[in-house]
Amino acid sequence: MILNLMFWILCLLINFGLLAIVFYALLCITDLEVDQMDPFVATANINRWILPEFVLQAVLSLLLLLTGHWILFLLAVPLTCYHAMLFIRRQHLIDVTEVFRNLNTDKKRRMIKLGVYMIFFAIFIFRLFIPFGYRIGTGILVLLNSEELDIRSSFFEF
């Protein structure tokens, strides 16, 4: 039970890191688009976080594979394979000379990644709280136990 909890917390932290990296890259691209940032600075800031993103995605996929969460693994594999394909073809870094030519394409790719990571974030939050007997009621999380579920014990006692 505790290992399951630690696994889902680790997946949630990895996914949170992936979300932060993609969101930061989107902010840099948006700043570059409205001329708030120099192209050299923007590409250096984005390129600095590309390999850590690839590694975190690979670790997440490997964790899902090794723990037997097959459906989640099959959902994570396409993005991991896409990252591997970009790395093998050496197309993973943003080039300073072509940054404005590929700006809309890079922005769309990162928006899709952000959507995928948000879906995984929702799944991981769901998987973290559901197995441990939590339910949402009146705006707070209430821990269920067997005595709270037994209505007879509180109403029919004489």
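Residues numbered from 1 in each chain as written. Predicted model: local features only at pLDDT ≥ 70, side-chain atom pairs only at ≥ 80, totals over all residues. Heavy atoms only, no water.

Engineer: Explain the overall build of the protein chain to me, and be specific about the residues and the numbers.
Structural biologist: The helix and strand tally for the protein chain stands at 7 helices and 2 strands. Its helices and strands taken in sequence order, the protein chain reads α-α-α-α-α-β-β-α-α from the N to the C terminus. A total of 158 residues make up the protein chain; the buried ones form 32% of that total. Of the contacts made within the protein chain by residues no fewer than 6 positions apart, 73% connect residues no fewer than 24 positions apart. Within the structure as shown, the protein chain displays about 10600 Å² of accessible surface, and the carbon and sulfur contribution to it stands at 70%. (Helix = DSSP H or I, 4+ residues; strand = E, 2+ residues; numbered from the N terminus. Buried < 20%, exposed > 50% of the residue type's maximum accessible area, 1.4 Å probe, protein only. Contact = heavy atoms within 4.5 Å. Areas by Shrake-Rupley, 256 points an atom, 1.4 Å probe, with all protein chains shown as cover.)

Engineer: Quick rundown of the pattern of salt bridges? Include the residues and the values.
Structural biologist: Summed over the entire model, instances satisfying the criterion amount to 4 salt bridges. The salt bridge partner of E53 is K113, with a shortest N-O separation of 3.2 Å. Here E53, found in helix α3 (residues 50-66), pairs with K113, found in helix α5 (residues 103-129); they are 60 residues apart in sequence, far enough to count as distant. We note that E53, like K113, is buried. (Salt bridge = Lys/Arg side-chain N within 4 Å of Asp/Glu carboxyl O.)

Engineer: Hey, could you go over the side chain of S61 for me, with residue numbers and the actual values?
Structural biologist: Inspection of the secondary structure assignment puts S61 in helix α3. You can call S61 buried: its relative accessible area is 4%. With residues near it in sequence (within four places) discarded, S61 still touches F73, A76, V77 and T80.

Engineer: I'd like a description of the UniProt feature "transmembrane region" (unreviewed entry) in the protein chain, backed by residues and values.
Structural biologist: This chain's UniProt record puts "transmembrane region" (unreviewed entry) on residues 7-27, 54-82 and 114-134. Taken as a whole, residues 7-27 contains 100% helix and 0% strand, while its terminal C-alpha atoms sit 30 Å from one another. Across residues 54-82, the secondary structure splits into 90% helix and 0% strand, with the terminal C-alpha atoms separated by 10 Å. (UniProt positions renumbered as here; feature names shortened; annotations may be inferred.)

Engineer: An account of a nonpolar patch on the surface is needed here, citing residue identities and associated values.
Structural biologist: A surface patch of nonpolar side chains, about 430 Å² in accessible area, is lined by L62, L65, L66 and W70. The element best represented in the nonpolar patch is α3, accounting for 3 residues. Note on placement: L62 falls in helix α3. Residue class for L62 comes out partly exposed when judged on its relative accessible area of 47%. (Patch = residues over 30% accessible without salt bridge, like charges linked within 9 Å, V, L, I, M, F, W, Y side chains within 5 Å.)

Engineer: Describe the side chain of H83, naming the residues involved and giving the relevant values.
Structural biologist: By the secondary structure assignment, H83 is in helix α4 (residues 70-88). When sequence neighbours within four positions are dropped, the list of residues in contact with H83 reads E53, F54, Q57, K113 and Y117.

Engineer: Go over the environment of L60 with me, naming the residues and quoting the values.
Structural biologist: Turning to its location among the elements, L60 is positioned in helix α3. In the structure, L60 is positioned 50 residues away from L10 in sequence and 9.0 Å away in space, judged by C-alpha atoms. Ignoring sequence-local partners within four residues, the contact set of L60 consists of C11, I14, L18 and F124.

Engineer: Describe α5, listing the residues and the values that go with them.
Structural biologist: A rise of 1.5 Å per residue sets the reference length of α5, with its 27 residues, at 39 Å; its end C-alpha atoms lie 39 Å apart and thus fit the reference within 8%. Those residues of α5 that fall on the buried side of the exposure criterion are L103, D106, R110, K113, L114, Y117, F120, F124 and L128. Where the residues of α5 are buried, they touch α1 (2-33), α2 (39-48), α3 and α4. (Expected span 1.5 Å × (residues − 1).)

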